[in-house]
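Breakdown of the fold
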Amino acid sequence: MTAQAAVITPKEDPWQMALRQFNIAADQLPLKRGIRELLAYPKRELTVNFPVKMDDGSVRIFTGYRVHHSTVLGPTKGGIRYHPDVTLNEVRALAMWMTWKCATVGLPYGGAKGGVVVNPKELSREELEHLTRRYATEIGILMSPEGDIPAPDVGTNPQIMAWIMDTYSMHRGYSTPSVVTGKPLAIGGSFGRIEATGRGVTFVTREATRHLGMPLAGAKVAVQGFGNVGAVAAYLLHDQGCSIVAASDSSGGVHNPKGLDPRALVKFKEDRGSVTGFPSANRVTNEELLEVSCDILVPSALEAQITASNAGKVKARLVVEGANGPITPDGDEVLEARNVLVVPDILANAGGVIVSYFEWVQGLQQFFWTEEEVNQNLERIMVRSFGQVLRGSLDRKVSMRTAALIRAIERVADALMTRGIYP
Ligand code: GLU
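Residues numbered from 1 in each chain as written. Predicted model: local features only at pLDDT ≥ 70, side-chain atom pairs only at ≥ 80, totals over all residues. Heavy atoms only, no water.

Overview of the UniProt feature "binding site: NAD(+)" (unreviewed entry) in the protein
Mapped onto this numbering, the UniProt entry annotates "binding site: NAD(+)" (unreviewed entry) at Thr197 and Asn228. For the residues just named, distributed over 32 residues, the greatest C-alpha separation is only 7.8 Å, placing them together at one site. Its place among the elements puts Thr197 in helix H7 (residues 193-212). Residue position: Asn228 is located in the loop between strand E6 (220-224) and helix H8 (230-239). Residue classification places Asn228 among the partly exposed positions, given a relative accessible area of 41%. A distance of 3.2 Å separates a polar side-chain atom of Asn228 from the backbone oxygen of Ile194. (UniProt positions renumbered as here; feature names shortened; annotations may be inferred. Helix = DSSP H or I, 4+ residues; strand = E, 2+ residues; numbered from the N terminus. Buried < 20%, exposed > 50% of the residue type's maximum accessible area, 1.4 Å probe, protein only. Polar contact = N/O pair within 3.5 Å; in protein donor to acceptor, adjacent residues only side chain to side chain.)

Here's the deal with the sheet that holds strand E7 (residues 243-249)
One open sheet accounts for seven strands, arranged E9-E8-E7-E6-E10-E11-E12; its pairing is mixed. Pairing within the sheet leaves two strands with one partner each, and these edge strands are strand E9 (282-284) and strand E12 (341-343). Each strand of the sheet is rotated relative to its neighbour by a mean of 20°, with strand direction disregarded. (Pairing = 2+ DSSP bridges. Axes fitted to C-alpha atoms, helices over the stretch in contact; angles between N-to-C directions.)

Quick look at the nonpolar core
Judged by nonpolar contacts, the single largest core of 85 residues is most densely connected at Leu39, Trp100, Ile296, Val343 and Ile354. Considering every element that reaches this core, the biggest residue donor is helix H15 (residues 400-419), with eleven residues. Not counting residues within four places of it along the chain, the set of residues in contact with Ile296 comprises Thr205, Thr209, Met214, Leu216, Ala219, Lys220, Val221, Ala222, Ala316, Leu318 and Val320. Counting residues in each nonpolar core, the second largest holds 26 residues, with Phe50, Leu123, Leu128 and Ile139 among its members. (Core = buried A, V, L, I, M, F, W, Y, C linked by side-chain atoms within 4.5 Å. Contact = heavy atoms within 4.5 Å.)

Okay, here's the thing in structure tokens:
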């Protein structure tokens, strides 16, 4: 893995994507070569292979990762993903994006990410608990409330955070709630954390439509991914008068040009496990969903969904990245040439980590906020960050992604130079 090679051979690999995005922004900055190279490398990477006792008495070996991209601005922060396609390169990219995300919105964190190669839907609750507790133990050498604070991501949830918190606390001999965020309320979670990412998506969507002069009421929205980000964004945008014309999950999607009821869709998915089969809607594939007629597209599933081959077919004028890395750099170029505004992941989906930060601060202070306080502070940070990134984009005549990255890289580089190179 070299930072330079990535520029020469860009692939649709998330790490190659992250490096290419980084290089586009870094080219605009007067960074010294060594500093630029340092910012491109992950600081440390841990791979763990560990056994889990399965319900039938057998033992299965799983592979997991935890990558710290940067510790310059503070402790590392970032979720843990359970997905069968997790790779070290994906976790590297997600960790780097966390560094830029935290810096874009001004949080005192560096970036990290973790992942386990597993399909959590195939495990029983007991197996999932065993896997989580063993993985938490394996990465325990990197985790702490002052050093590295995990959170939920694709395939993980508040219950899994509770098991991680409990495992870490058992090893310590005392309760350490601030070692993870996204915890259930009963053990020190924050009001508003579950909805935070989707809520943040709606704030920046509103700001972007204002900028474009596009009325939010009546705007047609398509949402790829109907999990904790996409589903929440869908019903909160619906509350603001948007029409949700399409939604999908890993099994496929549903489309109705006249609009779907997102709360009924949430209920349907809870009962049936998928949005597919929802009454009075046509079935669409995940690929078709990206090309349906709509004003706003919210890709909220996985990386590299919009590429050079389908970006030309996106009908939306505005794309808001609920997911991390849903548009490849080639896809970005096509959208930019077509004048489609993209609100990048490191800004658009920062609501999750912002409220994680609130949860961490509340836990450390043992002083808890109301849901209203959480949501108001979230809105303030999202709106301010959106305005700063938009201004940077207009001033420098670059995309909002590049503007956000420039801002983030400048912040981290400034802190790095101020701290100095040790020894
Ligand atoms: N996994 C989320 C993200 O990608 C949240 C991370 C966190 O709260 O630390 O931003």
